[in-house]
There are 2 protein chains.
Amino acid sequence: MTSRKLVECVPNVSAGRDEDKIAAMAEAIRAVPGVYLLDIQSDPDHNRTVFTFVGPAEPVVEAALRLAELAVKLIDLRAHRGEHPRMGALDVLPFVPVRGVTMGDCVMLARNAGAQIWERFGVPVYLYAEAATRPERQDLAEIRKGEFEGFFEKIRRREWAPDFGDPVVHPTAGVCAVGAREFLIAYNVNLGTSELRVAKEIAKAVRGSSGGLRYVKALGLELQGRGIVQVSMNLTDFRKTPIARVTELVRREAQRFGVPVVGTEIVGLVPEEALLEAAAYYLGLENYSPDIVLERKLAQAIES
Amino acid sequence: MTSRKLVECVPNVSAGRDEDKIAAMAEAIRAVPGVYLLDIQSDPDHNRTVFTFVGPAEPVVEAALRLAELAVKLIDLRAHRGEHPRMGALDVLPFVPVRGVTMGDCVMLARNAGAQIWERFGVPVYLYAEAATRPERQDLAEIRKGEFEGFFEKIRRREWAPDFGDPVVHPTAGVCAVGAREFLIAYNVNLGTSELRVAKEIAKAVRGSSGGLRYVKALGLELQGRGIVQVSMNLTDFRKTPIARVTELVRREAQRFGVPVVGTEIVGLVPEEALLEAAAYYLGLENYSPDIVLERKLAQAIES
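Asker: Explanation requested: the overall build of chain A in the structure shown.
Answerer: A tally of helices and strands in chain A yields nine helices and 11 strands. For 304 residues, the compact-globule formula gives about 19 Å, and the C-alpha radius of gyration of chain A, at 20 Å, lands near that figure. C-alpha extents for chain A along the principal axes are approximately 55 × 55 × 40 Å. Relative to its 304 residues, chain A shows a buried fraction of 48%. Taking as baseline every contact in chain A between residues at least 6 positions apart, the subset at least 24 positions apart corresponds to 70%.

Structure (structure tokens):
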């Protein structure tokens, strides 16, 4: 396969409608040798695009900076409208350890990229999640509160001084959050009812912030096209809060309302390991380890 | 990765307790350049070891023959006792197409290896599964019926004349089945009871031969070391009879006896796809395809 050291980068930019701009940004990422652009998810309602790319650390940072440069050039937040909250042209830039790389390595990459985004493009940077310099900056939603329009005031408050840059919002590109985090699985459970209240109650029961599972964020939503509701989740550490346990807890809570789980969906990508662990959980494998997987064994044998 | 053409070979030998013998046989396989020994599973209750190795066709056959030679030398079936039925020192030798190789290629390898096992080591050979020369020899269990002890009589019957060799059982190494087949998952479900009858009834309910699932072979066994019983299965086509459905059917049948499933185990290796499909089955993923798996996406991106 490829080199053992892999970092994932999942920048969110504030453009989800102009296909030429999205294509240009994708091309800037692809142009960096060693970087693989795996996924592009544009949402016109959110007016936002999520790029997913992987590679060794250096080219991944290089691709992130080329994207930042282009996003600052192409996107004018003064004219941006969309359902998703946002504060920057390049709104958020997380680095994620995938293989042979530690969280500490990714924190270093975030600091390095953040410093350059200020120095080269004049966009103030906040470090968030594992790269945060203060507890209240761990949560991206806390940083983003007020959005682009509110930052002209917020940035002047001492507690919201940027980690890199002067306390002056870039006039068209706003500010940017750069961080390091675990792989995030976007996972939805669909319920056989049209009652939004049920989804909201279950979301509240399972999410960490209100007493549920530590690494689950959850919202109750209506799926209007289908006449059902959904528990929409982010699993922020699938090793400590595995997808199977989350699913079973949602199922159990739904039973209290006499509501069935009618299906689930993964949005974007999921690491192989998360699904292999789910299989082991449900099958009840006593001897599970990745070593029982043929493809893993062969790759190991060839490398050694 | 490695060479385009890959054959898997999964010999079963009738020795699962003597570590020196097992180590010597492993070494004989490893000594062949181009061959990767991926797995060794010894079961003292079964008194049996399963080796799994892969490589291009020629070195794989060479490794199989070196193993055959050593098994004949080291193992004396007159003194062999174990839970698993067996008829030879090298009991069974299947060749499995993995990549860039057809089932027809593997049938040729089986014939080639089988001929040499007779000529060089004096062990009569039966061709089985896709390499079988008669319909009643497709099923390994049919061939093995009577086991080592019964073969001294069975081999003299005209319909059980070996495919290679005279109708004379090797006095200590018995006979050997050599074949070609699809990837086989050896999968056991452990039951929370010591009643062998329960395992046997469930095995009968789930196996294809008696009306159960088409690509399941199953036996009820005692696990004496643990005081429990086991449904020991071979899943001979996991795409058509998936591991999750097998597990749930066993669980359901066990409920009829008020017996819990206390665990499961995979013996040897399992293709990644079989576990990913199991995860999708249990989670109820509406949009599952291998494309949602990060590592698959990456491999595709690298290849293209």
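Now that the structure has been shown, we can carry on.
Asker: Which parts of the structure should I look at to understand the domain arrangement of chain A?
Answerer: Interfaces are often described in size by the accessible area the parts lose on coming together. Segmenting chain A into domains produces domain 1 (6-180) and domain 2 (185-292). Each of domain 1 of chain A and domain 2 of chain A was reduced to a C-alpha centroid, and the two centroids are 28 Å apart.

Asker: I would appreciate a short explanation of the relation of the copies chain B and chain A in the present structure.
Answerer: For the pair of chain copies, the relating transformation is a rotation about an axis with a translation along it. Least-squares fitting of chain B to chain A yields an RMSD of 2.3 Å, with the transformation described by 0.2 Å of translation along the axis and a rotation of 174 degrees. Both copies share a contact surface, since 94% of the interface residues of chain B are interface residues in chain A too.

Asker: Whenever I open this one, the sheet that holds strand 10 (residues 228-235) of chain B confuses me. Can you help?
Answerer: As a general point, the strands of a sheet are linked pairwise by backbone hydrogen bonds and lie either parallel or antiparallel. Residues and elements named next belong to chain B. Strand order in this open sheet of four strands is 9-10-8-11, and the pairing throughout is antiparallel. Of all strands in the sheet, those with a lone pairing partner are strand 9 (216-223) and strand 11 (261-267), marking the two edges. The mean inter-strand angle of the sheet, taken between neighbouring strand axes irrespective of direction, is 20 degrees. Against the sheet, helix 6 (residues 196-206) contacts strand 8 (185-191), strand 9 and strand 10, and its axis sits at roughly 175 degrees relative to strand 9. Helix 7 (residues 243-256) rests against strand 8, strand 9, strand 10 and strand 11 of the sheet, and its axis sits at about 25 degrees to strand 8.

Asker: Teacher, can you tell me more about the pairing of strand 8 (residues 185-191) of chain A here?
Answerer: Residue and element names in this part refer to chain A. Of all seven residues in strand 8, five are buried, a share of seventy percent or more. Where strand 8 lies against strand 10 (residues 228-235), seven bridges are found, and the strand directions are antiparallel. Each bridged residue has a counterpart across the sheet, and for isoleucine 185 the counterpart in strand 10 is leucine 235. As paired strands, strand 8 and strand 11 (residues 261-267) are joined by six bridges and run antiparallel to one another. Residue asparagine 188 lies in a different strand from strand 11, and its bridge partner there is glutamate 265.

Asker: Explain the interface of chain B and chain A here, please?
Answerer: At the junction of the two partners, chain B supplies 36 residues and chain A supplies 34 residues. Mapped onto the side of chain B that touches chain A, the elements with two or more residues apiece are strand 3 (36-43), helix 7, strand 11, helix 8 (272-283) and helix 9 (294-303) of chain B. Looking at the side of chain B that touches chain A residue by residue, the class counts come to 24 nonpolar, six polar and six charged.

Asker: Where do I start with the sheet that holds strand 9 (residues 216-223) of chain A in this structure?
Answerer: Residue and element names in this part refer to chain A. Reading across the sheet, the four strands line up as 9-10-8-11 and stay open at both edges, with antiparallel pairing between neighbours. Strand pairing shows two members of the sheet lacking a second neighbour, strand 9 and strand 11, which therefore form its edges. Neighbouring strand axes in the sheet, compared pairwise and without regard to direction, differ in orientation by 20 degrees on average. Sheet topology places strand 9 next to strand 10; eight bridges connect them, and they run antiparallel. Considered in strand 10, the bridge of leucine 221 is made with glutamine 230. Contacts from helix 6 (residues 196-206) reach strand 8, strand 9 and strand 10, with the element oriented near 175 degrees to strand 9.

Asker: What should I look at first to understand helix 2 (residues 57-74) of chain A in this one?
Answerer: All names here are of chain A. In this model, helix 2 (18 residues) spans 26 Å end to end at C-alpha, consistent with the 26 Å of a helix rising 1.5 Å per residue. Along helix 2, the positions that sit buried rather than exposed are Val60, Val61, Ala63, Ala64, Leu65, Leu67, Ala68, Leu70, Ala71 and Val72. Those residues of helix 2 that are buried lie in contact with strand 1 (6-9), strand 2 (12-13), helix 1 (19-30), strand 4 (48-55), strand 5 (90-99) and helix 3 (103-121).

Asker: When you look at the environment of A:Val261 in this model, what are you seeing that I'm missing?
Answerer: Relative to the assigned elements, A:Val261 resides in strand 11. Classification of A:Val261 by C-beta neighbours within 10 Å gives buried; the count is 21. Taking C-alpha positions, A:Val261 is 4.7 Å from A:Leu191, a pair spaced 70 residues apart along the chain. In contact with A:Val261, other than residues within four places in its own chain, are A:Val189, A:Leu191, A:Val250, A:Arg251, A:Ala254 and B:Gly284.

Asker: What's the story with the environment of B:Leu127 in this structure? I'm lost.
Answerer: Residues and elements named next belong to chain B. Counting through the fold element by element, leucine 127 comes out in strand 6 (residues 125-129). It is 7.4 Å that separates the C-alpha atoms of leucine 127 and arginine 111, two residues lying 16 residues apart in sequence. Aside from chain neighbours lying at most four places away, what touches leucine 127 is Ala110, Arg111, Gly114, Ala132, Thr133, Arg137, Asp163, Val178 and Gly179.

Conventions used here
Residues numbered from 1 in each chain as written. Chains lettered and ligands numbered in written order. Predicted model: local features only at pLDDT ≥ 70, side-chain atom pairs only at ≥ 80, totals over all residues. Helix = DSSP H or I, 4+ residues; strand = E, 2+ residues; numbered from the N terminus. Rg over C-alpha atoms; globule rule 2.2 N^0.38 Å. Buried ≥ 20, exposed ≤ 12 C-beta atoms within 10 Å, placed from the backbone. Contact = placed C-beta atoms within 7 Å. Domains from an automatic or database assignment. Least-squares fit on C-alpha atoms with pLDDT ≥ 70 in both. Pairing = 2+ DSSP bridges. Axes fitted to C-alpha atoms, helices over the stretch in contact; angles between N-to-C directions. Nonpolar A, V, L, I, M, F, W, Y, C, P; charged D, E, K, R; others polar. Expected span 1.5 Å × (residues − 1).

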